[in-house]
There are 2 protein chains.
Amino acid sequence: MFTGLSAFPLTPMNEQGIREDEFACLVARLAAARVDSIGVLGSTGSYMYLSREERARVLRLAMENAGDVPVIAGIGALSTREVLALAEDAQKAGVAGVLLAPVSYQKLTDDEVFGHFKTVCESLQVPLCVYDNPGTTHFAFSDELHGRIAQLPSVKSIKIPPVSLEPGAAEARIQRLRELIPADVTLGISGDPAAAVGLNVGCQAWYSVLGGLFPERALAITRAAQGGDTQTALRLSSQLEPLWALYREYGGSLRVIATVAEVLGDVSRPSLPQPLTTLQGDARKKVEQVVEQLK
Amino acid sequence: MFTGLSAFPLTPMNEQGIREDEFACLVARLAAARVDSIGVLGSTGSYMYLSREERARVLRLAMENAGDVPVIAGIGALSTREVLALAEDAQKAGVAGVLLAPVSYQKLTDDEVFGHFKTVCESLQVPLCVYDNPGTTHFAFSDELHGRIAQLPSVKSIKIPPVSLEPGAAEARIQRLRELIPADVTLGISGDPAAAVGLNVGCQAWYSVLGGLFPERALAITRAAQGGDTQTALRLSSQLEPLWALYREYGGSLRVIATVAEVLGDVSRPSLPQPLTTLQGDARKKVEQVVEQLK
């Protein structure tokens, strides 16, 4: 399940709550496109900004609309207690796997993060993907810690931060990590602009923001790389360079992809939980131009 | 209210919940010592690891045990919606003021942080202290943004990160900020090791971790500085150098002060919410030695 294209939809919302119809449509579209899995309540799904009840509602809507495509759910929270509660909710809803990031307020030690994953794994009947995203969690995994955590029986994948766009350096990075983790634990790339390179050098999965809104484009890149057609994967990714440029300019993928979804009418405006805002003014005009180019 | 010594108690807890008796004792001790205010649900009070219900319980216990000492409550959360709910709870409980940090998961822009404070201030009937703590919030205030936010009518104080221990540099820092904010907005120092210097160069408040457990020691430093006896303030602070050394070695004040409280028997062990842990092994032995020295 932690292989191929895992597509991460937005959770469209305003200050009154989740826009359930819009979320259901996003999930149904991913199922129709036949992505390999649907990753709800990831960073793109604003999981950290939702209440436990809202997350449970998202899980139910995802299960109702995903057809036979496996659903993976983010269960991250600051306290171990809360993660255990969220893991229970996700398993009750029937997810196929969970995604856990060591979200921090107080800076965490390696031993604290290991203890956190160990406690959570002991409560799980479904496999877990370790979510390594230092930009949002402010925790930097050492390779050694990845090795320790990957020995836990529930751990079956690691979602790694973007690799270098230089294939040699990217391959060396994957090799180094691969040597420290069990063979049945997959490595999945995140950071859409690095996905083609990551898949080409041996990542078995792409945890994809792009795929949550443009599943066909993300699938084309994924299938090319999986078939060994590295050049096609790179070419298809480079066609999206105007989008990658927006990610670089506006602090990552979330605000850009949410603005694109608003521009396309897939979600109502506003679509992000305050204090987060989609792009406005000149930035929004740039997004509109890129959307036109990509059509 | 946002002047003098504001003492921040721990919220002793285990995985089952808050140890209410121990928290009540900590608060009552601060009231008996006549600190100038009690800051509950700060970073030292593990606010980000508590549920809304637990925070409401902490507020009630604080109000019941603080006597006539003003209570300030942290209301920070990731989403603006949640902060508004917590502000309502705090005001209903009867707090004298609130403390708000721009806690982040997605990196925030200046405009988003301004909008967050503006929305919250519009819901407040009590004054607010801006909590600038980049080590935990991962948001770095510019001086210009401090100036903008300090114009909001509810804002009456800024809790700033540690200043330089070099008095000239510390004074220049305070002067620069002072020029950008209204005269009725106080500046309060945080980071215990920098408190004496900060008070000596013009900070009107000390938001104090030390004061939450050792109110008499923190009051002695504060009163010396307030009386213009800069040398005594520095001397009393330097007597605590073994404690400051522990803060430096173990990633800040929280784990150290919680371990000290456990060693002294003021709180039961464990006292922090998982995944956070107090110091164990050799680190704990060092804490025990420092506790002996300070007696």
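Please read all numbers here as calculations on a predicted model, not as lab measurements. (Residues numbered from 1 in each chain as written. Chains lettered and ligands numbered in written order. Predicted model: local features only at pLDDT ≥ 70, side-chain atom pairs only at ≥ 80, totals over all residues. Heavy atoms only, no water.)

**Some points on the relation of the copies chain A and chain B**
Both copies of the chain are placed relative to one another by a rotation about an axis and a shift along it. Mapping chain A onto chain B calls for a screw motion: a turn of 180 degrees about the axis and a shift of 0.0 Å along it, with 0.0 Å RMSD after fitting. Overall, the copies show the geometry of a two-fold rotation axis. Considering only C-alpha atoms, the residue of chain A closest to the rotation axis is His138(A), which sits at 4.0 Å. (Least-squares fit on C-alpha atoms with pLDDT ≥ 70 in both.)

**Overview of the pairing of strand S1 (residues 4–7) of chain A**
Residue and element names in this part refer to chain A. Both S1 and strand S10 (residues 205–208) contribute to a ladder of four bridges, which runs parallel. From the neighbouring strand, Ser-6 faces S10, where its bridge partner is Tyr-207. Strand direction decides the pairing type here: S1 and strand S4 (residues 37–40), joined by two bridges, are parallel. When the bridges of S4 are listed, Ala-7 appears paired with Ile-38. (Pairing = 2+ DSSP bridges. Helix = DSSP H or I, 4+ residues; strand = E, 2+ residues; numbered from the N terminus.)

**Quick notes on the packing of helix H12 (residues 241–249) of chain B against helix H13 (residues 254–264) of chain B**
All names here are of chain B. Following both chains from N to C, one finds H12 and H13 inclined at 125 degrees, their axes separated by 8 Å at the closest point. Relative to H13, the element H12 is oriented oblique. On H13, the residues touching Leu-243, Leu-246 and Tyr-247 of H12 are Val-256, Ile-257 and Val-260. The residue makeup of the contact of H12 with H13, split by class, is six nonpolar, no polar and no charged. (Axes fitted to C-alpha atoms, helices over the stretch in contact; angles between N-to-C directions. Parallel < 35°, antiparallel > 145°, perpendicular 65-115°, else oblique. Contact = heavy atoms within 4.5 Å. Nonpolar A, V, L, I, M, F, W, Y, C, P; charged D, E, K, R; others polar.)

**Some words on the UniProt feature "binding site: pyruvate" (unreviewed entry) in chain A**
Residue and element names in this part refer to chain A. Taking the UniProt record as the reference, the feature "binding site: pyruvate" (unreviewed entry) is found at Thr-44. Residue position: Thr-44 is located in the loop between S4 and helix H2 (52–65). On the basis of relative accessible area, Thr-44 is assigned to the buried category, the value being 7%. Excluding residues within four positions of it along the chain, Thr-44 makes contact with Phe-8, Pro-9, Leu-10, Thr-11, Val-209, Leu-254 and Ile-257. (UniProt positions renumbered as here; feature names shortened; annotations may be inferred. Buried < 20%, exposed > 50% of the residue type's maximum accessible area, 1.4 Å probe, protein only.)

**Some details on the interface of chain A and chain B**
The partner chain B presents 34 residues to the 34 residues of chain A that form the contact. Of the roughly 3,100 Å² buried at the junction of chain A and chain B (both faces included), carbon and sulfur atoms supply 51%. Considering only the side of chain A, the residues that lose the most area to chain B are Arg81(A), Tyr105(A) and Gln106(A), jointly responsible for 29% of the buried surface there. Put simply, chain A and chain B have four salt bridges between them. Of the charged contacts, one joins Arg255(B) and Glu112(A) as a salt bridge, the two residues approaching to 2.7 Å between their closest N and O atoms. Our enumeration of links across chain A and chain B arrives at 22 residue pairs in polar contact (both at pLDDT 80 or more). Listing elements by their share of the side of chain A that touches chain B, those giving two or more residues are helix H3 (80–93), helix H4 (110–122), helix H5 (134–137) and helix H13 (254–264) of chain A. With three residues, the top contributor of residues to the side of chain A that touches chain B is H4(A). Of the residues assigned to the side of chain A that touches chain B, the class counts are 13 nonpolar, 15 polar and six charged. (Buried area = accessible area lost by both parts, 1.4 Å probe. Salt bridge = Lys/Arg side-chain N within 4 Å of Asp/Glu carboxyl O. Polar contact = N/O pair within 3.5 Å; in protein donor to acceptor, adjacent residues only side chain to side chain.)

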